[in-house]
Amino acid sequence: QVHLMESGGGLVQPGGSLNLSCAVPGRFTGLTVMGWYRQAPEKQRELVATATSAGKIRYGDSVKGRFTLSRDNAENAVYLQMDSLGFDDTAVYYCDVQQKLDVGYGYWGQGTQVTVAS
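First, a word on what this report is: a plain description of the structure on this page. In this numbering scheme, every chain counts its residues from 1 along its sequence in written order. Where local features are concerned, this predicted model is filtered to residues with pLDDT of at least 70; where side-chain atom pairs are given and counted, the filter is 80 or more; whole-chain, interface and lining totals use all residues. Water and hydrogen atoms were dropped before computing side-chain values, which therefore reflect all heavy atoms in the structure.

Considerations on the state of the cysteines
1) Next: The disulfide definition used here is simple: a pair of cysteine sulfur atoms within 2.5 Å. Overall, the coordinates contain one disulfide when judged by the stated rule.
2) Next: Across the disulfide, C22 is cross-linked to C95 (sulfur-sulfur distance 1.9 Å). Because the torsion about its S-S bond is -80 degrees, the bridge between C22 and C95 counts as left-handed. Of this pair, C22 sits in strand 3 (residues 18–23) while C95 is found in strand 9 (residues 91–100), placing the two residues 73 residues apart along the sequence. For the pair C22 and C95, one class covers both residues: buried. Secondary structure elements are defined from DSSP: runs of H or I of at least 4 residues count as helices, runs of E of at least 2 residues count as strands, and each element is numbered from the N terminus. Categorising residues by exposure relies on relative accessible area from a 1.4 Å probe, with only protein chains included: less than 20% of the type maximum marks a residue as buried, more than 50% marks it as exposed, and the intermediate range marks it as partly exposed.

Structure below.
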């Protein structure tokens, strides 16, 4: 069973920065995609950024140029550096991990709150 450990988040002023981490403790193979989604109140969950095990990274349009995702395959972890945060970035951020074995599996973290407020 894959368990996701999320850390980071919190309260930051507009223009500030935060860092989120998501790790999968233990030895797991087939972790094809790891990344982050977010959901603001009364809005649909949206892509923030994901990274494949091969290093291909995809960003949501609203965070391009401001957020940077990195992945450490040896540690089964992803790190999201969020810069130039604005009010619209306020949301619960969820780590997402996709695992491909004989079939595909998807896992969500419990979510971490990011609040941008002055």
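A short note on the nonpolar core
1) Next: Within the largest apolar cluster, 28 residues are counted, with the highest numbers of intra-cluster contacts made by L4, W36, V48, F67, L80, M82 and Y93.
2) Next: Mapped by element, the contributors of at least two residues to this core are strand 3, strand 4 (31–39), strand 5 (46–52), strand 7 (67–72), strand 8 (77–82), strand 9 and strand 11 (112–116).
3) Next: A total of four residues in this core trace back to one element, the largest contributor, which is strand 9.
4) Next: Two residues qualify as a contact provided that any one of their heavy atoms is within 4.5 Å of a heavy atom in the partner residue. Excluding residues within four positions of it along the chain, Y93 makes contact with E6, L20, W36, Y37, R38, V48, F67, M82, G111, T112 and V114. In plain words, nonpolar cores are sets of buried Ala, Val, Leu, Ile, Met, Phe, Trp, Tyr and Cys residues tied together by side-chain atoms within 4.5 Å.

Regarding the pattern of salt bridges
1) Next: Here, a salt bridge means any side-chain nitrogen of Lys or Arg that lies within 4 Å of a carboxyl oxygen of Asp or Glu. Evaluation of the coordinates by the stated rule reveals four salt bridges.
2) Next: D89 serves as the salt-bridge partner of R38, at 2.8 Å between the closest nitrogen and oxygen. Of this pair, R38 sits in strand 4 while D89 sits in the loop between strand 8 and strand 9, and the two are 51 residues apart along the sequence. Just as R38 is buried, D89 falls in that class too.
3) Next: Taking the shortest distance from any N to any O, the salt bridge between K64 and D61 comes out at 3.1 Å.
4) Next: Connected via shared salt-bridge partners are R38, E46, R66 and D89.

Quick look at the packing of aromatic side chains
1) Next: Ring pairs are drawn from Phe, Tyr and Trp, using the six-membered ring of Trp, whenever the two centres fall within 6.5 Å, and their geometry is named by plane angle: stacked under 30 degrees, edge-to-face over 60, tilted for the rest. According to the stated counting rule, one finds two aromatic pairs in the structure shown.
2) Next: On the numbers, 5.4 Å between centres and 75 degrees between planes, the contact of Y37 with W108 is edge-to-face. With Y37 in strand 4 and W108 in strand 10 (residues 104–108), this residue pair connects regions lying 71 residues apart in the sequence.
3) Next: On the basis of relative accessibility, which here comes to 19%, the residue Y37 falls in the buried class.
4) Next: With a relative accessible area of 44%, W108 lands in the partly exposed category.
5) Next: Taken together, the ring pairs connect Y37, Y94 and W108 into an aromatic cluster.
6) Next: Here, a charge over a ring is recorded when the distance from Lys NZ or Arg CZ to the ring centre is within 6 Å and its angle to the ring normal is within 35 degrees. Over the ring of Y94 we find R45, and its NZ or CZ is 3.8 Å from the ring centre.

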